[in-house]
Every structure is written in structure tokens, then in C-alpha cells.
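Structural overview for review
For reference, the chains in residue letters:
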Amino acid sequence: MTGPAGGRYLPEMLETIAQAIEKAFLPIALVCSAAALAAPGLFTWIAPYLSPALGLIMFGMGLALTFGDFTALLPKWRLVVVGVALQFSIMPLMGLAVANLLALPPETAVGVILVGACPGGTASNVITYLAGGNLALSVTLTLGTTLLAPLATPAIVKLLCGTRLAVDFSAMVGSVFWIVAFPVLDGLILRRLLRDRLRPVLALFPALSILVITMVIACVVGLNRDTVLAFPGTAIVACTLHNLSGFVLGYAGARAFTRDRADAIAIAVEVGMQNSGLGVALAKTYFTAATALPAALFSLEQNLAGVVLAKWWRRRR
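Residues numbered from 1 in each chain as written. Predicted model: local features only at pLDDT ≥ 70, side-chain atom pairs only at ≥ 80, totals over all residues. Heavy atoms only, no water.

Re the overall build of the protein chain
Counting its regular elements, the protein chain contains 17 helices and zero strands. At 19 Å, the protein chain has a C-alpha radius of gyration in line with the 20 Å of a compact globule built from 317 residues. Principal-axis analysis of the C-alpha atoms gives the protein chain an extent of 70 × 50 × 35 Å. Counting across all 317 residues of the protein chain, residues that qualify as buried make up 49%. Of the contacts formed within the protein chain by residues at least 6 apart in sequence, a portion of 86% connects residues at least 24 apart. Side-chain charges of the protein chain comprise 21 positive and 13 negative groups, with the mean position of each set lying 6 Å from the other. (Helix = DSSP H or I, 4+ residues; strand = E, 2+ residues; numbered from the N terminus. Rg over C-alpha atoms; globule rule 2.2 N^0.38 Å. Buried < 20%, exposed > 50% of the residue type's maximum accessible area, 1.4 Å probe, protein only. Contact = heavy atoms within 4.5 Å. Lys, Arg positive; Asp, Glu negative; His and termini not counted. Charge placed at Lys NZ, Arg CZ, Asp CG, Glu CD.)

Describing the pattern of salt bridges
Inspection of the entire model under this criterion finds four salt bridges. The salt bridge involving Arg314 is made with Glu22; its shortest N-O contact spans 2.7 Å. Of this pair, Arg314 sits in helix 17 (residues 289-316) while Glu22 sits in helix 1 (residues 3-23), placing them 292 residues apart in sequence. A salt bridge links Asp260 to Lys76; the nearest nitrogen and oxygen atoms lie 3.8 Å apart. On the criterion of sequence distance, the pair formed by Asp260 in the loop between helix 14 (233-255) and helix 15 (261-272) and Lys76 in the loop between helix 5 (67-71) and helix 6 (77-101) is long-range, its members being 184 residues apart. Under the relative-accessibility criterion, Asp260 is labelled partly exposed at 32%. A residue is classified by how much of its surface remains accessible, and Lys76, at 27% relative accessible area, is partly exposed. It is possible to trace a salt-bridge network through shared partners that takes in Lys76, Asp260 and Asp263. (Salt bridge = Lys/Arg side-chain N within 4 Å of Asp/Glu carboxyl O.)

A few points about helix 17
Here helix 17 is 28 residues long and its end C-alpha atoms lie 41 Å apart, about the 40 Å a rise of 1.5 Å per residue gives. With 20 of its 28 residues buried, helix 17 lies for the most part within the structure. (Expected span 1.5 Å × (residues − 1).)

Some words on the side chain of Ser299
Mapped onto the elements, Ser299 comes out in helix 17. Excluding anything up to four places from it in sequence, Ser299 contacts Val220 and Ser276.

Here's the deal with unusual backbone geometry
Despite not being glycine, Ala103 has its phi angle at roughly 50°, a positive value. When you line up the elements, Ala103 lands in the loop between helix 6 and helix 7 (106-116). Look at Ala103 and you get exposed, because its relative accessible area is 63%.

So, the packing of helix 8 (residues 123-131) against helix 12 (residues 205-223)
Relative to each other, helix 8 and helix 12 sit at 140°, their axes nearing to 10 Å. Comparing the axis directions of helix 8 and helix 12 gives the class oblique. Between helix 8 and helix 12 lies a crossing whose hand is left-handed. The segment helix 8 lies against helix 12, with Ala123, Val126, Tyr129 and Leu130 engaging Phe205, Pro206, Ser209, Ile210 and Ile213. Grouping the amino acids of the contact of helix 8 with helix 12 by side-chain chemistry returns eight nonpolar, one polar and no charged. (Axes fitted to C-alpha atoms, helices over the stretch in contact; angles between N-to-C directions. Parallel < 35°, antiparallel > 145°, perpendicular 65-115°, else oblique. Left-handed = near helix turned anticlockwise from the far one by under 90°. Nonpolar A, V, L, I, M, F, W, Y, C, P; charged D, E, K, R; others polar.)

Structure below.
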């Protein structure tokens, strides 16, 4: 089809496809995860490209934001402090509580506590965006907890587990800068320059975000296929309880300080979703492969749970 009608048809068709993807969020994620278990190679090749893909999505989120969204956080600075405090208190303490409740073996218990002591993960920004939370607050919390993590994570692990860790500050900050801060800033600048001309593109980004998160989940499943199929039941239960308690207590804690639902969602997602990749790396460096298991399982569980929560929150919006 050519001419003006054809020019209108393509954007409408793309928007229809995008809406269908948004509605089928959870089934798409589950089907791809099942495919990754059956044939890991379908998705594990994506691993080297996950960071650039997340950076692209964060660029799209920058297009959906304005500088005013961040300046609007200035009167809410206490919420940023609350979010960071909840991140570094709820998750480590709930990790300790779950380990004691389930009488986990020492190596597994340390792994659960370790992932709880990590900062928020980049995927939390995507889930917040899809759930209709305050994206500017989510990005700010991810940056804040990451900057504090080289001090907070070793201190928490030392306090609760008695082991000293060393976290590479420059590597962590550099990673978050290139995956989160830089793409978001680029998107903000482009949004300021082009304004309403970006509207047709913005309509497609929720669907694109869903596809990227689906690929992340499927890639994690593929990379940890043997672990998942071995079905370490107690560790799976521990990670599920740990993650869900973070979402629930994070939301409840946020609600004690704000009536704004979008702010509470952002804090809940930030608290519930950890930088599990850092947890795996630290566990392998300072402990054993068994200690890294909870962080690997947590990575899979938090993304699947995040998908379900995002869908539920969007329906209730």
C-alpha cells in the first residue's frame, strides 16, 4: 500500500502488534522460558548483548521522561532516602529470616543473604516502567543504591555472615552509568529537542521493553538450565519467599511515607529486584558454586515475578 493511506497503515499496524504483545506479556515470557529449558542455545547467544539491549530500553525510557520528572523528586527527597534504606534493610534481614526459617545449609544461607545485600538491578527500571510506577524515582534509586553498594554490601555481609568482601566501585558505577544514566540522559535530551514528534515511537516502547525482558528471562533460564532442572526445591522456595517479601514489604514500607501509588510501586520494585549478577560474581569469588546458586535462581524468579506484578498493577491502574 502506498500514498497517505499506506503511510497511516504501517504505524497503526505496528501499534496493534505492540498492544497484542502487551496483553500477552506473561504467556510470551513463559513460552520463551520453556523453550530455553528445552533448547538453551535459542537464547544463550543473547548473553553478550543483554547490557546493550537494556541500555536501548533505558534510552527509550529517557524519551518517555522529562527533566521535570526528575526535578519533581526534589520535594520528595525523603522518599529517595526511604527507598535506599528499605533496599538495604528489608532484603538482607529477610534473607537472614528465610535462611533461619527453612534451616538452609550454611552455603545456601550465605548465598541468600548475599543477594539480599546487593543493590537494585537495572531490570527494576523496566518493570517499574511496565507497571506504571514512577520511573524517575526508580532510576534515581538504582543509581543511589549502586553508588552505596561498595560500602553497604560488604558491611552487611560482614555483619550478618562474618565474611569480608571487596566490591569494585569503579566497575559497578561504570556499568550503571553506561546501562542506565547515559542512555536515559540521551533520551531526555532528544525528547526535549523533538517533543511531540516522538509520540508514535513512544507507543511502541512498552512492547519492546516486554520483548527485552522476555529475552533476559529466557537467557537466564538457558544459562542456568542444569540448575533449574536439578530442581533444588529448598533453594527455590527460599528465593521465592525472599523476593516476594521484598515486593510486599517494600510496598508496605513505601505506603507508610507516601500516598502516591506510582511512588510506592517504584520503591516496591526496587526493593524486590536485586542486582543478582553481582551476587553471583561475589559468591563465586569469595565463597563456592553452591553459594552462587541462590543468586542465579533469584535472577530468574525476580524477573518472572516482576512480569506478573507489572501486569497486575497495570490492570489495576
